[in-house]
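# Tertiary structure, described
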Amino acid sequence: KAAPKKAAPKKAAPKKAAPKKAAPKKAAPKKTTAAKTAIAVPQEDMGNSNMGMLFLGGLALFAFLSFSVFNAGRDGETKQNERNLMVASQLVQYGVAAAKKVKELQDNGIALSRINFEIMPEEDDETALYAPAGGGMLYEEPLGTGGRMAEWKVLDIADARDGFLVSGLGSDAAVRGREIVLYFEGLEPEVCSQMRKGWGLDPAVPVQEVKLDFDHRAAIRAGANATTFYATPGREFSCFRNGRKGAYIYYHAIAIQ
């Protein structure tokens, strides 16, 4: 008789691997609001009396002057031309800054006739352009004087009977049309000439035949007289020769009426 077949031993079922525990999900980091804070502008700042327009005007002026430097420095005397135009641009920027500070003083309730333009005023003088408590303007010696001593001076309107006019700006009527003018005497004629060239004007420096008389402050209607800047009519800032043999002057009207 055939021996009975033994049943094949059952194979042990392979052990199933224990399911891996899912790692706990990390909480997503909270987004910070730093970026938003950095660019947020308080609403009251946006409305401060044309400050945005002054800023944009300053940018436009800077771009214009930069183009002028590039455009006017290509006639064989590049370095000297660029130096003269850089001096010119710095003079203009100083006048723009002064005009901005004067506007801020006005916005703070200081009348144009009350603004103090002394170079070294009392620090707590709220009416002073150069005082920390007032306009906070930093005084800088004018450039482009060839090493000669010169200082910025201001023709103000503190006296209702006196003052100066810039022909073609604002009103040309006496008293009502007086400007506040920042100026200095002794500008290098080459700087004036290159400045005009950079503005697309005739580089020949214009002459004011009737010299400005800075000791005579009784403004009369704008014209060829001793209290009117008329050599470059309609220009807020420019340069000219004060009389046929006089000094070269750079001026900037920092308040126009």
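Residues numbered from 1 in each chain as written. Predicted model: local features only at pLDDT ≥ 70, side-chain atom pairs only at ≥ 80, totals over all residues. Heavy atoms only, no water.

Further remarks concern the side chain of Asn242. Mapped onto the fold, Asn242 is located in strand S6 (residues 237–242). In this structure Asn242 comes out as buried when scored by relative accessible area, which is 3%. Among the polar contacts listed, one links the side chain of Asn242 to the backbone nitrogen of Leu212, at a separation of 2.8 Å. If sequence neighbours within four positions are ignored, Asn242 has contacts with Gln208, Lys211, Leu212, Phe214, Ala247 and Ile249. (Helix = DSSP H or I, 4+ residues; strand = E, 2+ residues; numbered from the N terminus. Buried < 20%, exposed > 50% of the residue type's maximum accessible area, 1.4 Å probe, protein only. Polar contact = N/O pair within 3.5 Å; in protein donor to acceptor, adjacent residues only side chain to side chain. Contact = heavy atoms within 4.5 Å.)

Before going further, it helps to spend a moment on the confidence of the model for the protein chain. Looking at the protein chain, the pLDDT average stands at 80 and 70% of residues meet or exceed 70. Low pLDDT (under 50) marks residues 26–52, which in the prediction has 6 contacts with non-local residues, meaning those over four places away or in another chain. (pLDDT = per-residue confidence, 0-100.)

Here we come to the sheet that holds strand S1 (residues 153–155). Pairing within the open sheet is mixed, and its 5 strands lie in the order S1-S3-S7-S6-S4. The outermost strands of the open sheet, each flanked by one partner alone, are S1 and strand S4 (207–208). Pairing of S6 with strand S7 (residues 248–255), which is carried by 5 bridges, proceeds in the antiparallel orientation. Bridge pairing links Phe237 to His252 in S7. (Pairing = 2+ DSSP bridges.)

Okay, the pattern of salt bridges next. Applying the stated criterion across every chain yields a total of 4 salt bridges. In this structure, Glu104 engages Lys101 in a salt bridge whose closest nitrogen and oxygen atoms are separated by 3.9 Å. With a gap of 3 residues between them, Glu104 and Lys101 both fall in helix H4 (residues 78–107), about one helical turn apart. What makes Lys101 partly exposed here is its relative accessible area of 23%. (Salt bridge = Lys/Arg side-chain N within 4 Å of Asp/Glu carboxyl O.)

Let us look at unusual backbone geometry. Even without glycine at this site, Val175 takes up a positive phi of about 65°. Locating Val175 in the fold gives a position in the loop between strand S2 (165–166) and strand S3 (180–185). For Val175, a relative accessible area of 39% gives the class partly exposed.

In this section: the environment of Val166. Assignment of secondary structure puts Val166 in strand S2. Judged by its relative accessible area of 0%, Val166 falls in the buried class. Put simply, Val166 and Gly177 are 11 residues apart on the chain and 8.6 Å apart in space, counted from C-alpha to C-alpha. Sequence-distant contacts of Val166, defined by excluding residues within four places in its chain, comprise Asp172, Glu179, Val181, Phe229, Arg235, Tyr251 and Ala253.

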